[in-house]
Amino acid sequence: PTAYFGGNALDASLIVPAFANMTFYTLDTTNALYDRLWRDLNATGGLEHDDGHLYKLKKMANDDGLDYVEARLDEYLAFQNASLASAAFPGSVWRNDTHARLSWEMAVPSVSAFVLR
């Protein structure tokens, strides 16, 4: 893979076999469950710690925050399931007889995963 940094995005490319069928997955701050929990708890006064460190939920949230999350467990489970589902590939694909080049822009921070068959 090749990556080019610029601003708050990352231009990336990957060479794969031309015949590969691809499934794409991505997580970033918009669809990662931990980030969603932090945003919701921060907005509702439910954070125990606001120092930039990572905590398990029971340490991150105060009692009100834990109650808030518990009351919305079904919503958070649906959010997590959606975030772990495959996504449409957001970039371009160039193919020849032997390989394909995938190019896309990634948010920073984020992670992308490909399943090639």
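In the block above lies the structure referred to throughout.
Anyway, here's the lowdown on the structure attached to this text. (Residues numbered from 1 in each chain as written. Predicted model: local features only at pLDDT ≥ 70, side-chain atom pairs only at ≥ 80, totals over all residues. Heavy atoms only, no water.)

### Side note on the pattern of salt bridges
Applying the stated criterion to the full structure yields two salt bridges. A salt bridge links R36 to D40; its shortest N-O distance comes to 2.9 Å. Within this pair, R36 and its partner D40 are both found in helix 1 (residues 33–43), separated by four residues, close to a single helical turn. Across the pair, exposure class does not vary: R36 and D40 are buried alike. (Salt bridge = Lys/Arg side-chain N within 4 Å of Asp/Glu carboxyl O. Helix = DSSP H or I, 4+ residues; strand = E, 2+ residues; numbered from the N terminus. Buried < 20%, exposed > 50% of the residue type's maximum accessible area, 1.4 Å probe, protein only.)

### Comments concerning unusual backbone geometry
With an omega of 0°, the peptide bond running from V108 to P109 counts as cis. Inspection of the secondary structure assignment puts P109 in the loop between strand 5 (99–107) and strand 6 (110–116).

### Some points on the packing of aromatic side chains
A complete count under the given rule lists five aromatic pairs for this structure. Taking 5.4 Å as the distance between ring centres and 85° as the angle between the ring planes, the aromatic pair formed by F24 and F89 counts as edge-to-face. With F24 in strand 3 (residues 22–28) and F89 in the loop between helix 4 (73–83) and strand 4 (92–95), the pair connects residues that are 65 residues apart, well separated along the chain. With respect to burial, F24 and F89 carry one shared label: buried. Relative to F114, the ring of F89 lies with its centre 6.0 Å away and its plane at 55°, an arrangement referred to as tilted. Highlighted residues: F89 in the loop between helix 4 and strand 4 and F114 in strand 6, separated in sequence by 25 residues. An aromatic cluster of three or more residues is present, and its members are F24, F89, W104 and F114. Residue placement shows R36 over the ring face of F79; its charged tip is 4.8 Å from the ring centre. In this structure, R72 is placed above the aromatic ring of Y68, and the distance from its NZ or CZ to the ring centre is 3.7 Å. (Phe/Tyr/Trp six-rings, centres within 6.5 Å; stacked < 30°, edge-to-face > 60°. Lys NZ or Arg CZ within 6 Å of the ring centre and 35° of its normal.)

### Focus: the side chain of S103
Locating S103 in the fold gives a position in strand 5. Side chain to side chain, S103 and R101 meet in a polar contact 3.2 Å long. Setting aside residues no more than four positions away along its own chain, S103 makes contact with A12, S13, F89, G91 and S92. (Polar contact = N/O pair within 3.5 Å; in protein donor to acceptor, adjacent residues only side chain to side chain. Contact = heavy atoms within 4.5 Å.)

### Let's talk about the nonpolar core
Core analysis: the biggest nonpolar cluster contains 10 residues, these being L10, A12, L14, V16, F24, F89, A100, L102, W104 and M106. Formed by seven residues, the second largest nonpolar core is a distinct cluster that contains L37, A61, V69 and Y76. (Core = buried A, V, L, I, M, F, W, Y, C linked by side-chain atoms within 4.5 Å.)

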